[in-house]
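Observations on the three-dimensional arrangement
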Amino acid sequence: MFGNKLENMDLAAEVNELSNAQGRSLWRDARERFVANKAAMACVAVLGMIVAFTIIGPFFAEWSNEEIDWDRMGAIADEGAPSFENGHFFGLDDLGRDMYSRVIQATTTSLLVGLIGAFMALVVGTLYGISAGLIGGRVDAIMMRIVDILLAIPSVLVIILLLVIAGKSFFMLFIALGAVSWLTMARIVRGQTLTLKNREYIEAARAAGVSEFTIMYRHILPNMLGVIIVYASLLVPDMILAESFISFLGLGISEPHTSLGRLIAEGAGTMAYGTLWQLAFPLFFYVTIIITMFFIGDGLRDALDPKDR
């Protein structure tokens, strides 16, 4: 009898513990898995320091990005090297402008291009892909053949044509990058939509009279959000790479603005004069941003993959 009482007390304690335990949602579990990924968290910290540098860095600059140091511009290889005495922490460029301020501006521009370009591709590609998948039939076939045709055209050629025809500007650069980057997103979202739209809970929602629009944003979109977030995080470095390549060709950001790709192109052109710092500093920020974004994307993929447990 005493043993039965002990068993009943243990059982009651277990029930109490289970009733007080909090449920683990998918997003909470994904957050914990992402935080446990040391490489991804280290990259988040490094990327955060770069963003902080673009915000706080201008307060320490003694020269603006357009100001020319006339006393030293004629002897770049000798007196244009990085120095704390004259306030040129990253040295001077070939025109005598402060590289510290120009690197800050270039890093800010490249990050904005990556984030805004990825956001545009995310919105357009998601809406296009989910619409094609939900409508289905002939409309789906036509919409995806359009995507196939656009994918067959080299993306760099499309970007160059748009910039040449419409002119070089921040707005047109975002439009050009967004015009070619949403295609793969559309195919991914369409495939996920075709997989999800025939699930039992979707059929139950249709049987209950729920509209297709409500099914799209309340049932299908939340279930593919993990895939969209992962691809969007990997799309940011792709945007930065594309902008850097276009700027390297001289068709991207125009003066007096600059980007990391443009600074790298300028630094590569002056290496023969012994001005290695003109290439080293923008290249360091460029490579660091790309590597951190890819590691963060891998961390998100591992954290949001329900099969990877």
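My aim in this report is to walk through the structure given alongside it, one point at a time.

Let's shift gears to the nonpolar core. Of all hydrophobic cores here, the largest spans 67 residues; its most connected members are Phe90, Ile159, Leu163, Trp182, Ile220, Phe285 and Ile289. The element best represented in this core is helix H5 (residues 99-135), accounting for 13 residues. Those residues in contact with Trp182, other than ones at most four positions away along the chain, are Ala121, Val124, Gly125, Tyr128, Val147 and Leu150.

Within the structure shown, the criterion is met by 9 aromatic pairs. Judged by centre distance (6.4 Å) and plane angle (45°), the rings of Phe90 and Phe285 are tilted. Taken as a pair, Phe90 in the loop between helix H4 (76-79) and H5 and Phe285 in helix H13 (residues 277-304) lie far apart in primary sequence, 195 residues in all. Relative accessible area serves as the criterion here: at 12%, Phe90 is assigned to the buried category. Here the aromatic cluster, defined as three or more aromatic residues joined through ring pairs, consists of Phe53, Phe89, Phe90, Tyr100, Phe281, Phe284 and Phe285.

This part takes up a nonpolar patch on the surface. Taken together, the side chains of Ile142, Ile146, Ile149, Leu150, Ile153, Leu157, Leu161 and Ile165 present a nonpolar region at the surface, about 740 Å² in accessible area. Secondary structure elements with two or more residues in the nonpolar patch: helix H6 (137-152) and helix H7 (155-166). No other element matches H6, which puts 4 residues into the nonpolar patch. One can find Leu150 in helix H6. We classify Leu150 as partly exposed; its relative accessible area is 34%.

Definitions and cut-offs
- Residues numbered from 1 in each chain as written.
- Predicted model: local features only at pLDDT ≥ 70, side-chain atom pairs only at ≥ 80, totals over all residues.
- Heavy atoms only, no water.
- Core = buried A, V, L, I, M, F, W, Y, C linked by side-chain atoms within 4.5 Å.
- Buried < 20%, exposed > 50% of the residue type's maximum accessible area, 1.4 Å probe, protein only.
- Helix = DSSP H or I, 4+ residues; strand = E, 2+ residues; numbered from the N terminus.
- Contact = heavy atoms within 4.5 Å.
- Phe/Tyr/Trp six-rings, centres within 6.5 Å; stacked < 30°, edge-to-face > 60°.
- Patch = residues over 30% accessible without salt bridge, like charges linked within 9 Å, V, L, I, M, F, W, Y side chains within 5 Å.
- Areas by Shrake-Rupley, 256 points an atom, 1.4 Å probe, with all protein chains shown as cover.
- Salt bridge = Lys/Arg side-chain N within 4 Å of Asp/Glu carboxyl O.

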